[in-house]
Amino acid sequence: MSTYKKYGNERYGTTTRESKPKEVPHAGLIMLRADGSNLVAWTAALYGHIEVKWGTYGAAVASGELITRPAPDIAQIQEEFPGLSPSSVQKQYVEDVSQYKSQQRKDKESRTEIYALMRQVTSEDAMSRVTHLPGYAETSKDRDPVRLFRLIKAEHTLRTNNMSVREAKHVAENGFPPRGLVHGHHIGKHLRRGFVFHV
């Protein structure tokens, strides 16, 4: 029996369609390889883009932090503007709360967008493994790009530097390896080999 199907005047073989490889969403970004061999270049391109697109918030993420903004406080307004009447203080407080809520929404949008971008430029194989690392469920729920980066780096650290699962877990949770030790060797040895632990 023929394994071909007729369509018009042509004959087509039965083939298995392969899924299209992931593509980077913006020029200048690169896809993180499954083996992590381009981790340094990937990080530089990703964080450069994040800082340009998301400004101060992006710069904070690139430095390993999420911006936490203090809520408006009436006592602080009174201290900053001692001559304001109670009604003026209340009015200023209402305005500050409105601005605060607006900025909180923007921060949440930025956090979610950066998180999504980080996933987009990580190979499917690598992301599949990251989902099994300790802390991923909470990271995914919070859409936290800082913790996601640490997990991604921990997974590739585990693969490219022969770290134990315990050491990779430490990197994922803390952003750096156990003090003075990386898989039974001093950090200095790994630094000499070109492995750098930046968050």
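Bear in mind the structure is a predicted one, so any value in this text is a computation, not a measurement.

A word on the pattern of salt bridges. If you walk through the whole model with that rule in mind, you get 5 salt bridges. A salt bridge links Asp107 to Arg69, with the nearest nitrogen and oxygen atoms 2.5 Å apart. Here Asp107 is found in helix α3 (residues 86-120), whereas its partner Arg69 is found in the loop between α1 (39-62) and α2 (74-80), with 38 residues between them in sequence. The shortest N-O distance in the salt bridge between Glu155 and Arg129 comes to 2.6 Å. With Glu155 in helix α6 (residues 145-160) and Arg129 in helix α4 (residues 124-130), this residue pair connects regions lying 26 residues apart in the sequence. A residue is classified by how much of its surface remains accessible, and Glu155, at 5% relative accessible area, is buried. Arg129 gets classed as partly exposed once you look at its relative accessible area, which sits at 23%. Salt bridges sharing partners connect three or more residues here, namely Glu138, Asp142, Asp144 and Arg147.

Let us look at α1. Owing to its 3.6 residues per turn, the α-helix brings residues three or four apart onto one side. A rise of 1.5 Å per residue sets the reference length of α1, with its 24 residues, at 34 Å; its end C-alpha atoms lie only 15 Å apart and thus fall more than 12% short of the reference. Maximum bend of α1: about 150°, positioned at Gly55. A positive backbone phi angle near 95° is found at Gly64, which sits one or two residues after α1.

Moving on, we come to the packing of aromatic side chains. For the structure shown, the criterion picks out 2 aromatic pairs. With centroids separated by 6.1 Å and ring planes inclined at 5°, the aromatic side chains of Trp42 and Phe149 adopt a geometry described as stacked. Of this pair, Trp42 sits in helix α1 while Phe149 sits in helix α6, and the two are 107 residues apart along the sequence. In this pair, the class of Trp42 matches that of Phe149, namely buried. The interplanar angle of 45° and the centroid separation of 5.2 Å between the aromatic rings of Tyr47 and Phe149 together place this pair among those described as tilted.

Moving on to the confidence of the model for the protein. When pLDDT is averaged across the protein, the result is 78; 67% of the residues are at 70 or more. Within the protein, helix α8 (residues 187-192) has the poorest average pLDDT of any element, 38, and α3 the best, 96. Every residue in residues 1-19 scores below 50 in pLDDT, and together they form 13 contacts with partners more than four places removed in sequence or on other chains. Scored below 50 in pLDDT, residues 181-199 makes 35 contacts in the model with residues more than four places away or belonging to other chains.

Turning our eyes to something else, we now look at the nonpolar core. In terms of nonpolar packing, the biggest core is built from 25 residues, with Trp42, Leu46, Ile50, Met118, Leu148 and Ile152 touching the most fellow members. Secondary-structure elements contributing two or more residues to this core are α1, α3, α4 and α6. Not counting the four nearest positions on each side in its chain, Leu46 is found in contact with Leu29, Leu117, Met118 and Val121.

What follows covers the environment of Ile74. Among the structural elements, Ile74 can be located in helix α2. Overall, the relative accessible area of 30% leaves Ile74 in the partly exposed class. Spatially, the C-alpha atom of Ile74 lies 6.2 Å from that of Tyr93, the residues being 19 residues apart in sequence. Among all residues touching Ile74, those that are not within four sequence positions of it are Val89, Gln90 and Tyr93.

Cut-off values and rules
Residues numbered from 1 in each chain as written. Predicted model: local features only at pLDDT ≥ 70, side-chain atom pairs only at ≥ 80, totals over all residues. Heavy atoms only, no water. Salt bridge = Lys/Arg side-chain N within 4 Å of Asp/Glu carboxyl O. Helix = DSSP H or I, 4+ residues; strand = E, 2+ residues; numbered from the N terminus. Buried < 20%, exposed > 50% of the residue type's maximum accessible area, 1.4 Å probe, protein only. Expected span 1.5 Å × (residues − 1). Bend = angle between axes of the 7 residues up to and from the residue. Phe/Tyr/Trp six-rings, centres within 6.5 Å; stacked < 30°, edge-to-face > 60°. pLDDT = per-residue confidence, 0-100. Contact = heavy atoms within 4.5 Å. Core = buried A, V, L, I, M, F, W, Y, C linked by side-chain atoms within 4.5 Å.

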